[in-house]
Amino acid sequence: MITPYFANMPADVPGWVPDVFITLIKIFILVNVILGLVSYTVMAERKISAAIQDRIGPNRTGVPLGGVNILGLFTMPRWSIWGLGQPLADALKFMLKEEFTPAHVNKFYFWLAPAMAMVPALLTICVIPFASSHPVVLPFFDYTMKAPGVIADVGIGVLLIFAIASLGVYGIVLAGWSSNSKYPFLGGIRSSAQMISYEVSMGLSVIPLFLVMGNLRLSDVVQYQVDHGWTVLPFLAATWPWHNGASYLLWLPMLISFLIFLVSAFAETNRLPFDLPESETELVGGYHTEYSAMKFALFFLGEYAAMIVASSLMVTLFLGGWSLPLPFYMAWQDQWWSIPIYAFVFLLKMLLFIVLFIWVRWTLPRFRYDQLMSLGWKFILPISLANIVLTGILLAIVG
Amino acid sequence: MPQDYVPVFLQVLAGIFFAVSTLAVSVLIGKRGRDSVAKDTAYECGKDPIGDVHTRFSVKFYLVAMLFILFDIEVVFMYTWAVVYRDMVHHSLAIFYSMFTFIGILFVGYLYALKKKAFDWTHTPGSSSPNRS
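Residues numbered from 1 in each chain as written. Chains lettered and ligands numbered in written order. Predicted model: local features only at pLDDT ≥ 70, side-chain atom pairs only at ≥ 80, totals over all residues. Heavy atoms only, no water.

Enquirer: Hey, could you run me through the overall build of chain A in this one?
Expert: Scanning chain A from terminus to terminus reveals 15 helices and four strands. For 399 residues, the compact-globule estimate of 2.2 N^0.38 gives 21 Å, and the C-alpha radius of gyration of chain A, at 23 Å, lies within 12% of that figure. Considered along the principal axes of its C-alpha atoms, chain A spans approximately 65 × 60 × 45 Å. Relative to its 399 residues, chain A shows a buried fraction of 56%. By sequence separation, contacts in chain A at least 24 residues apart represent 72% of the contacts at least 6 residues apart. Carbon and sulfur atoms make up 72% of the accessible area of chain A, which totals about 16,500 Å². A gap of 10 Å separates the mean positions of the 20 positive and 21 negative side-chain charges of chain A. (Helix = DSSP H or I, 4+ residues; strand = E, 2+ residues; numbered from the N terminus. Rg over C-alpha atoms; globule rule 2.2 N^0.38 Å. Buried < 20%, exposed > 50% of the residue type's maximum accessible area, 1.4 Å probe, protein only. Contact = heavy atoms within 4.5 Å. Areas by Shrake-Rupley, 256 points an atom, 1.4 Å probe, with all protein chains shown as cover. Lys, Arg positive; Asp, Glu negative; His and termini not counted. Charge placed at Lys NZ, Arg CZ, Asp CG, Glu CD.)

Next comes the structure, spelled out in structure tokens:
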């Protein structure tokens with residue numbers, strides 16, 4: 001299976017070594033990009049919320065060590081660069097705070113919970129294609145990358161994402177239960193009920209997509225959209241798609257799928273208008289009331305990382321992933337230098353959803369808990385079931 | 001192919017490494033504060049904690065958990081069906097009828113739960129108070 005070799009590699013090194021090495025480099029880059037994105041999403045949230053509320057937002061923290069003389073060589077400038085140094089200061093503050101464990105908690109689960117909240121969000125990103133999956137040859141190394149645009153090009157893509165993402169519930173439940181305190185406990189059970197309710201709708205909402213595409217592998221999902229038009233905008237395909245009438249007939253169920261998925265994504269990531277698990281006015285801090293320092297930060301980062309994963313997944317499933325409806329752009333797939341360009345386009349599409357997440361948070365009020373549950377079980381669930389039936393009938397007619 | 005999942009395994013290790021290392025760094029360089037009795041009590045808005053920490057909670061949460069398990073298993077069945085549907089529906093409509101019978105039965109179960117007011121959070125079983133919203 002594994003044929004590529006580095007050019008001057010000794011003969012006794014097994015063939016899988018360069019593959020694992022390249023995968024580790026990709027994981028390192030991707031995890032760091034995600035963490036950087038998370039920090040700057042928090043920053044963007046503060047800036048955008050400030051703009052919406054007619055404030056300025058953080059604008060002072062700029063270049064670190066401003067005004068300090070470094071080893072007698074030069075003095076760091078006091079640039080505030082619109083407050084772009086704020087995430088660095090936040091991260092340092094989280095690390096330097098006291099790592100406090102109250103006496104009344106279940107110690108092991110109390111420490112396990114933040115890790116359980118953060119890790120699933122970092123794992124799910126590994127099956128999402130951020131660039132083309134055509135094999136490319138790296139220059140200077142004479143090495144062929146089989147699927148350069150994704151860490152793990154597995155056949156069950158979406159199923160793996162749902163399986164791992166649902167582990168995130170454990171982090172929240174464990175945090176609420178192990179804190180041995182009333183507010184976290186209420187926040188924890190509320191959150192778990194909310195997340196599992198919307199997980200059903202989320203799982204059902206994408207089934208029409210796979211009825212149409214017939215494949216769970218996410219790189220093939222993107223390829224299908226390159227050939228047949230983007231899921232929600234079927235007129236955007238690399239080739240002129242007007243001859244393909246079936247895409248237009250299937251447009252309606254795809255749009256319904258998209259809307260259901262979008263609403264469920266808001267609920268799954270505990271964002272407003274569904275942020276019942278940590279509604280400050282009722283539950284103080286919700287499930288993380290008893291947490292501080294880095295343990296709290298992991299919940300915080302995990303929530304934003306889940307938002308980034310949800311945005312990436314929506315881009316991949318509904319907005320054509322890294323592709324653009326431009327023939328010359330798609331022709332770069334066999335070139336190694338296309339990978340960063342495709343990744344950049346993917347990032348831009350993802351940022352659209354992140355801005356939407358933030359915008360909605362500072363625009364809409366919060367639901368009441370019974371409204372949240374009614375919406376999920378009485379409205380979204382029957383509609384997503386009906387959508388599956390509708391897609392099935394349409395496909396039986398047009399084939 | 002099993003070797004497709006090696007990168008997933010590596011990513012799992014990377015994720016665990018990140019979580020453990022950040023917690024470890026925080027423990028090592030975090031500032032140590034003084035301990036006191038008040039610091040170790042559960043947070044209840046500054047008052048001393050009252051009563052049992054694990055309060056009784058609505059049985060509705062338990063119902064939701066049961067319904068979730070039922071529905072989520074149906075979803076898993078539907079994925080395998082969805083992947084082969086478009087190829088097989090050309091040959092015969094058997095795949096169409098079989099799954100939609102299944103969804104129909106599922107929907108009857110859903111209606112039963114709905115009529116039993118399992119999704120009604122303002123309704124408490126045994127009380128005669130009218131539903132508000």
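Enquirer: I would appreciate a short explanation of the interface of chain B and chain A in the present structure.
Expert: Accessible area lost on assembly of the parts is the figure often given for the size of an interface. The interface of chain B with chain A comprises 69 residues on the first partner and 84 residues on the second. Looking at the side of chain B facing chain A, the largest losses of area belong to Gln11(B), Tyr79(B) and Arg86(B), adding up to 12% of the total buried there. At the surface where chain B touches chain A, the tally comes to zero salt bridges. Secondary structure elements with two or more residues in the side of chain B that touches chain A: helix H1 (6–29), helix H2 (60–88) and helix H3 (94–115) of chain B. Take the side of chain B that touches chain A: its biggest share by element is 16 residues, from H1(B). (Buried area = accessible area lost by both parts, 1.4 Å probe. Salt bridge = Lys/Arg side-chain N within 4 Å of Asp/Glu carboxyl O.)

Enquirer: I would appreciate a short explanation of the environment of Tyr291(A) in the present structure.
Expert: All names here are of chain A. Mapped onto the fold, Tyr291 is located in the loop between helix H11 (280–283) and helix H12 (293–318). When its relative accessible area of 6% is taken as the criterion, Tyr291 is described as buried. Sequence spacing of Tyr291 and Leu249 is 42 residues, and the spatial spacing of their C-alpha atoms is 51 Å. Among all residues touching Tyr291, those that are not within four sequence positions of it are Tyr109, Phe110, Ala113, Pro114, Ala175, Ser178, Ser179, Phe296 and Phe299. A distance of 2.8 Å separates a polar side-chain atom of Tyr291 from the backbone oxygen of Phe110. (Polar contact = N/O pair within 3.5 Å; in protein donor to acceptor, adjacent residues only side chain to side chain.)

Enquirer: Mind showing me how you'd approach the pattern of salt bridges here?
Expert: Should their charged atoms come close, side chains of opposite charge can pair. Residue and element names in this part refer to chain A. Throughout the structure, instances matching the rule amount to seven salt bridges over all chains. Glu45 is paired through a salt bridge with Arg271; the nearest N and O atoms lie 3.1 Å apart. Residue Glu45 is found in helix H1 (residues 16–52), and its partner Arg271 is found in the loop between helix H10 (251–268) and H11; the two are separated by 226 residues along the sequence. Note on Arg271: relative accessible area 2%, which makes it buried.

Enquirer: Quick question: what am I supposed to make of the domain arrangement of chain B here?
Expert: Segmenting chain B into domains produces domain 1 (2–40) and domain 2 (59–115). For domain 1 of chain B and domain 2 of chain B, the distance between their C-alpha centroids amounts to 39 Å. (Domains from an automatic or database assignment.)

Enquirer: Looking at this structure, how should I read the packing of aromatic side chains?
Expert: For any pair of aromatic rings, geometry is given as the distance between the ring centres together with the angle between the planes. Residue and element names in this part refer to chain A. Following the criterion strictly, the structure yields 31 aromatic pairs over all chains and no others. An aromatic cluster is present here, built from Trp322, Phe328, Tyr329, Trp332, Trp337 and Tyr342 joined pairwise through their rings. Just above the ring of Trp111 sits the side chain of Lys295; from NZ or CZ to the centre is 4.2 Å. (Phe/Tyr/Trp six-rings, centres within 6.5 Å; stacked < 30°, edge-to-face > 60°. Lys NZ or Arg CZ within 6 Å of the ring centre and 35° of its normal.)

Enquirer: What is the right way to look at the confidence of the model for chain B in this model?
Expert: Detailed reading of the predicted model is not advised wherever pLDDT is low. Per-residue pLDDT for chain B averages 80, and the proportion of residues at 70 or more is 91%. The ipTM assigned to the predicted complex is 0.84, against a pTM of 0.87. (pLDDT = per-residue confidence, 0-100.)

Enquirer: Which parts of the structure should I look at to understand the packing of helix H8 (residues 218–228) of chain A against H12(A)?
Expert: Between two packed helices, the angle of one axis relative to the other and the distance separating the axes together describe the packing. All names here are of chain A. Closest axis-to-axis distance for the H8/H12 pair is 8 Å, and the angle between their directions is 45°. The pairing of H8 with H12 is recorded here as oblique in orientation. Facing Leu218, Val221, Val222 and Gln225 of H8, the residues of H12 in contact are Thr316, Leu317 and Phe318. Counted by class, the contact of H8 with H12 contains five nonpolar, two polar and no charged residues. (Axes fitted to C-alpha atoms, helices over the stretch in contact; angles between N-to-C directions. Parallel < 35°, antiparallel > 145°, perpendicular 65-115°, else oblique. Nonpolar A, V, L, I, M, F, W, Y, C, P; charged D, E, K, R; others polar.)

Enquirer: Would you mind showing me how to read the nonpolar core here?
Expert: For soluble globular proteins, the rule of thumb is that nonpolar side chains tend to be buried together. With 128 residues, the main nonpolar core has Ile207(A), Leu317(A), Met78(B) and Trp81(B) as its most contacted residues. Looking at this core, you find at least three residues from each of domain 1 (2–40) and domain 2 (59–115) of chain B. If we skip the residues at most four places from it in the chain, Trp81(B) touches Ile207(A), Leu211(A), Ile388(A), Ile95(B), Met99(B) and Phe100(B). One finds Ala117(A), Val169(A), Tyr291(A) and Phe299(A) within the second-largest nonpolar core, a separate group that totals 12 residues. (Core = buried A, V, L, I, M, F, W, Y, C linked by side-chain atoms within 4.5 Å.)

Enquirer: Where do I start with a nonpolar patch on the surface in this structure?
Expert: A cluster of nonpolar side chains, Leu88(A), Leu92(A), Leu96(A), Val25(B), Leu28(B) and Ile29(B), forms an exposed patch at the surface whose accessible area comes to about 560 Å². Taken together, the elements giving at least two residues each to the nonpolar patch come down to helix H2 (86–96) of chain A together with H1 of chain B. Note that Leu88(A) resides in helix H2. Judged by its relative accessible area of 47%, Leu88(A) is partly exposed. (Patch = residues over 30% accessible without salt bridge, like charges linked within 9 Å, V, L, I, M, F, W, Y side chains within 5 Å.)

Enquirer: What is the right way to look at H10(A) in this model?
Expert: For an α-helix, the turn length of 3.6 residues means that residues three or four places apart are oriented alike. Residue and element names in this part refer to chain A. Here H10 contains 18 residues, and its C-alpha end-to-end distance of 25 Å stays within 8% of the 26 Å for a straight helix at 1.5 Å per residue. Those residues of H10 that sit buried are Pro253, Met254, Ser257, Phe258, Ile260, Phe261, Leu262, Ser264, Ala265, Phe266, Ala267 and Glu268. Backbone geometry just downstream of H10 places Asn270 in the positive-phi region, at approximately 60°. (Expected span 1.5 Å × (residues − 1).)

Enquirer: Explain the environment of Leu30(A) here, please?
Expert: Topologically, Leu30(A) is positioned in helix H1. For Leu30(A), the residues in contact, after removing those within four places along its chain, are Ile125(A), Phe130(A) and Ile151(A).

Enquirer: Sorry, what's going on with the side chain of Thr289(A) here?
Expert: Along the polypeptide, Thr289(A) turns up in the loop between H11 and H12. Among residues more than four places away in sequence, those in contact with Thr289(A) are Tyr183(A), Pro184(A), Leu283(A), Val284(A) and Tyr43(B).

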